[in-house]
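# Structural description and commentary
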Amino acid sequence: QVQLVESGGGLVQAGGSLRLSCAASGGTFSINAIGWYRQAPGKQRELVAGINSFGSINYADSVKGRFTISRDNNKNTVYLQMNSLKPEDTAVYYCNLDLRFASGRTYQYWGQGTQVTVSS
């Protein structure tokens, strides 16, 4: 019933910017924690940026200073602003949300993924 819908991916030139969105719907919940991941063909999934349940933000070294993670709790939506993009940022990007329900229990959900391609 709960689903995460990602958007904002596409083709961009090196040095350009994109903003990815991940909108959660289908239930009554709050966002407890956030993760943005990416996976290139033949490579392992990588955590790009996250906000843990205590509000601490962390970034992979490869994107630090270029990417910004944020959220809009009123819209149940999280964002990944990507600036100064490089060809090595090319990957499928996935959001992962840990959602807290009225019971106090939390569950993790994945978005469907969105392709980001950065041309040289």
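Details of the structure are given in the entry above.
Residues numbered from 1 in each chain as written. Predicted model: local features only at pLDDT ≥ 70, side-chain atom pairs only at ≥ 80, totals over all residues. Heavy atoms only, no water.

## Let's talk about the state of the cysteines
Cut-off, in case you're wondering: In this description, the term disulfide denotes a pair of cysteine sulfurs within 2.5 Å. In this description a helix means any DSSP run of H or I spanning at least four residues, a strand means any run of E spanning at least two, and both kinds are numbered starting from the N terminus. Throughout this description, buried means an accessible area under 20% of the type-specific maximum (1.4 Å probe, protein chains only), exposed means over 50%, and partly exposed covers the range between.
One pass over the structure, following the stated rule, counts one disulfide. With a sulfur-sulfur separation of 2.0 Å, cysteine 22 is cross-linked through a disulfide to cysteine 95. Sign of the S-S torsion, about 60° for the bond between cysteine 22 and cysteine 95, identifies this disulfide as right-handed. Residue cysteine 22 is located in strand 3 (residues 18-25), and its partner cysteine 95 is located in strand 9 (residues 91-101); the two are separated by 73 residues in the primary sequence. Residue classification places cysteine 22 among the buried residues on the basis of a relative accessible area of 0%. You can call cysteine 95 buried: its relative accessible area is 0%.

## Describing the pairing of strand 11 (residues 114-119)
Note the cut-off: One bridge is not enough; two strands pair if DSSP finds at least two bridges between them.
Side chains Thr114, Val116 and Val118 of strand 11 all project onto a buried face; the interleaved residues Gln115, Thr117 and Ser119 project onto a face where none is buried. In the sheet, strand 2 (residues 10-13) pairs with strand 11 via four bridges, with the strands oriented parallel. When the sheet's bridge partners are listed, glutamine 13 is paired in strand 11 with serine 119. Taken together, the three bridges between strand 9 and strand 11 define a ladder with antiparallel strand orientation. From the neighbouring strand, tyrosine 93 faces strand 11, where its bridge partner is threonine 114.

## Quick notes on the nonpolar core
Applied cut-off: Put simply, a nonpolar core is a bunch of buried Ala, Val, Leu, Ile, Met, Phe, Trp, Tyr and Cys residues held in one set by side-chain atoms that sit within 4.5 Å of each other. Note on definitions: a residue-residue contact is assigned when non-hydrogen atoms from the two residues lie within 4.5 Å.
Counting residues in hydrophobic clusters, the biggest one holds 30 residues, and the most contacted among them are Ile34, Trp36, Phe67, Leu80, Met82, Tyr93 and Leu97. Elements supplying a minimum of two residues to this core: strand 3, strand 4 (29-39), strand 5 (46-51), strand 7 (67-72), strand 8 (77-82), strand 9 and strand 11. Not counting the four nearest positions on each side in its chain, tyrosine 93 is found in contact with Glu6, Leu20, Tyr37, Arg38, Val48, Phe67, Leu80, Met82, Gly113, Thr114 and Val116.

Interpretation in functional terms is not warranted from these geometric data alone.
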